[in-house]
Amino acid sequence: MIDGSLKSVLDDKKISKALIKNSVEKLNGNKRLFIISDHCDSRKPYSKKLENLGKVRDLNSNIINGYTTLESVTLDENKKELTLSSISVQSNKEPNFITKKELADYENGKIKNTHRVKEIAQMIEDDNYQNISTVLYKHLQDQSKAYKAANPNVSICHVHDRGCDSAEYLEFITDTLHDDAVVRAKKSRNSNQTKINPKTNRTIKVKLIESKFKHQKVYLIDKMTMKGRHYSQVKCHIDWDTTIINEKEYSVVRVALIKRDGKPIHKEPMLLISTLKIANYLDAKEIYHIYLHRAKIEGVFKFLKDTLGWEEYQVRDWESIKNIIAICFFIGGYFYEIHSELTENETVQMICNLARNKGKITHHFFLEGLKLLLYAKHVENFKKENNISSEMFKQMQAYAGIEEEI
């Protein structure tokens with residue numbers, strides 16, 4: 001069922017369709033939705049024989065072995081209810097994977113390998129090739145179409161990190177999907193402003209992150225927590241303006257957080273580009289707050305990797321790898337679906353307490369508690385099957401440093 005050898009299979013495409021269908025049914029009553037999407041590498045640094053084993057980056061940006069996944073979660077109009085809505089799994093070593101550079105080289109006649117030239121030509125003719133962009137666009141389009149088929153009047157805003165601030169992506173969102181987007185921009189992006197380089201006396205573009213914005217506002221954040229650190233009396237400097245990218249106008253928001261001692265929390269301000277129009281300070285602040293919700297998908301990734309062992313699969317064939325990754329994401333979606341039960345059900349609370357949760361009722365402690373219950377059941381079965389006496393069991397516990405409580 002997993003490796004595709006049966007007539008009836010459970011593959012990554014079916015799982016993604018099921019996730020989208022569930023999201024549509026769950027969120028159909030909303031007038032506005034926020035789709036947060038991001039890539040998450042499945043890192044296999046020590047693997048060598050996995051099928052279609054591609055190249056990804058580790059946390060230090062070093063190139064290692066692994067696979068690329070693209071996930072989406074959807075927030076309701078109040079930004080409170082989170083649903084895992086879609087997953088795509090890919091490898092840059094798949095036979096039909098053509099990078100943008102390779103595609104450009106093909107179009108410019110720079111590829112010398114005649115066999116590869118024929119392969120690319122055939123894939124283009126059959127429309128059977130993929131790269132990071134084609135997978136992303138299909139991934140987003142499938143979700144947008146599904147939500148709008150159920151509710152034609154729904155407004156959708158896509159939220160992305162750096163890497164999606166290109167004109168191509170922004171135009172795809174506005175012209176093809178007819179949706180909106182909030183995207184974090186790279187600090188290398190140029191503005192429409194220019195200056196004279198004093199060393200060369202030549203006119204150069206001013207970086208957008210360093211340019212002058214027309215509008216500014218400073219407001220006070222009494223208390224905030226970021227990456228486990230607590231801050232108080234933080235000044236939020238928020239600037240907003242518009243910029244032209246490929247002859248189209250977009251809103252830009254720049255945000256800097258300043259501590260009480262006058263030092264910035266981050267080395268660089270946050271720079272956001274959006275298709276949403278800004279009429280006043282509240283609109284600019286809303287764009288900033290929309291982007292902050294992107295942290296929710298990072299929480300999903302952490303849960304999948306730390307708790308569900310997302311990168312610990314042992315299968316080698318490509319179909320099984322894709323499907324196991326997708327199934328894991330689907331299971332993660334289930335635990336997010338039962339969030340209310342985790343916090344309200346007395347039995348679930350006790351299972352979390354079993355995992356020494358210090359009063360926290362979370363997906364992590366729920367799974368840890370279940371794991372301990374399974375261990376306990378396994379031990380009881382072992383004792384019965386081997387007729388282990390109480391005295392023998394005490395001796396076994398002594399080897400583990402476990403002493404009977406007095």
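Criteria and thresholds
- Residues numbered from 1 in each chain as written.
- Predicted model: local features only at pLDDT ≥ 70, side-chain atom pairs only at ≥ 80, totals over all residues.
- Heavy atoms only, no water.
- Helix = DSSP H or I, 4+ residues; strand = E, 2+ residues; numbered from the N terminus.
- Contact = heavy atoms within 4.5 Å.
- Polar contact = N/O pair within 3.5 Å; in protein donor to acceptor, adjacent residues only side chain to side chain.
- 1 Å grid on protein atoms, 1.4 Å probe; cavity = no way out; pocket = protein on both sides within 12 Å on 5 of 7 lines; lining within 4 Å.
- Points joined across faces, edges and corners; volume = space filled by probe spheres on them.
- Nonpolar A, V, L, I, M, F, W, Y, C, P; charged D, E, K, R; others polar.
- Core = buried A, V, L, I, M, F, W, Y, C linked by side-chain atoms within 4.5 Å.
- Buried < 20%, exposed > 50% of the residue type's maximum accessible area, 1.4 Å probe, protein only.
- Phe/Tyr/Trp six-rings, centres within 6.5 Å; stacked < 30°, edge-to-face > 60°.
- Salt bridge = Lys/Arg side-chain N within 4 Å of Asp/Glu carboxyl O.

Asks: Give me the lowdown on the environment of S251, citing residues and values where you can.
Replies: Within the fold, S251 resides in strand β11 (residues 248-258). Once the C-alpha coordinates of S251 and W240 are considered, the two residues, 11 residues apart in sequence, prove to be 7.3 Å apart. In this structure S251 touches D241, T242, L272, I273, S274, L276, K277 and I278, once residues within four positions along its chain are discounted. One polar contact links the side chain of S251 to the main-chain carbonyl oxygen of L276, over a distance of 2.6 Å.

Asks: So what about the layout of surface pockets? Which residues, and what values?
Replies: In this structure, the second largest pocket encloses a volume near 470 Å³. Along its surface, the second largest pocket is lined by 19 residues, and D12, K13, S88, K138 and D142 are the ones closest to its centre. When residues of the lining of the second largest pocket are traced back to their parent elements, those giving at least two are α1 (12-27), β4 (82-90) and α4 (132-150). When its residues are assigned to classes, the lining of the second largest pocket shows 4 nonpolar, 8 polar and 7 charged.

Asks: Describe in detail the nonpolar core, supporting the description with residues and values.
Replies: The tendency in soluble globular proteins is for nonpolar side chains to be buried side by side. Formed by 64 residues in total, the largest nonpolar core has its most connected members in V253, L257 and Y288. For this core, the element with the most residues is helix α8 (residues 318-337), which contributes 9 residues. Grouped together as the second largest cluster of nonpolar side chains are 23 residues, V135, C164, A167 and F213 included.

Asks: Tell me about the packing of aromatic side chains, and name the residues and values.
Replies: Summed over all chains, the structure comprises 5 aromatic pairs. Plain terms: the ring middles of Y67 and W318 are 5.0 Å apart, the flat faces sit at 25° to each other, and that makes the pair stacked. Placement of the pair is Y67 in strand β3 (residues 63-75) and W318 in helix α8, with a sequence separation of 251 residues. Relative to Y281, the ring of W240 lies with its centre 6.4 Å away and its plane at 40°, an arrangement referred to as tilted. Of this pair, W240 sits in strand β10 (residues 229-245) while Y281 sits in helix α6 (residues 281-292), placing them 41 residues apart in sequence.

Asks: Got a sec to walk through the pattern of salt bridges? Specific residues and values, please.
Replies: Enumeration over the complete set of coordinates arrives at 20 salt bridges. Note that K101 and D105 form a salt bridge whose closest N and O atoms lie 2.9 Å from each other. Of this pair, K101 and D105 both sit in helix α2 (residues 100-107), 4 residues apart, which is roughly one turn of the helix. Residue class for K101 comes out exposed when judged on its relative accessible area of 58%. For D105, a relative accessible area of 17% corresponds to the buried category. The network of salt bridges with shared partners includes D38, D161, R294 and E298.

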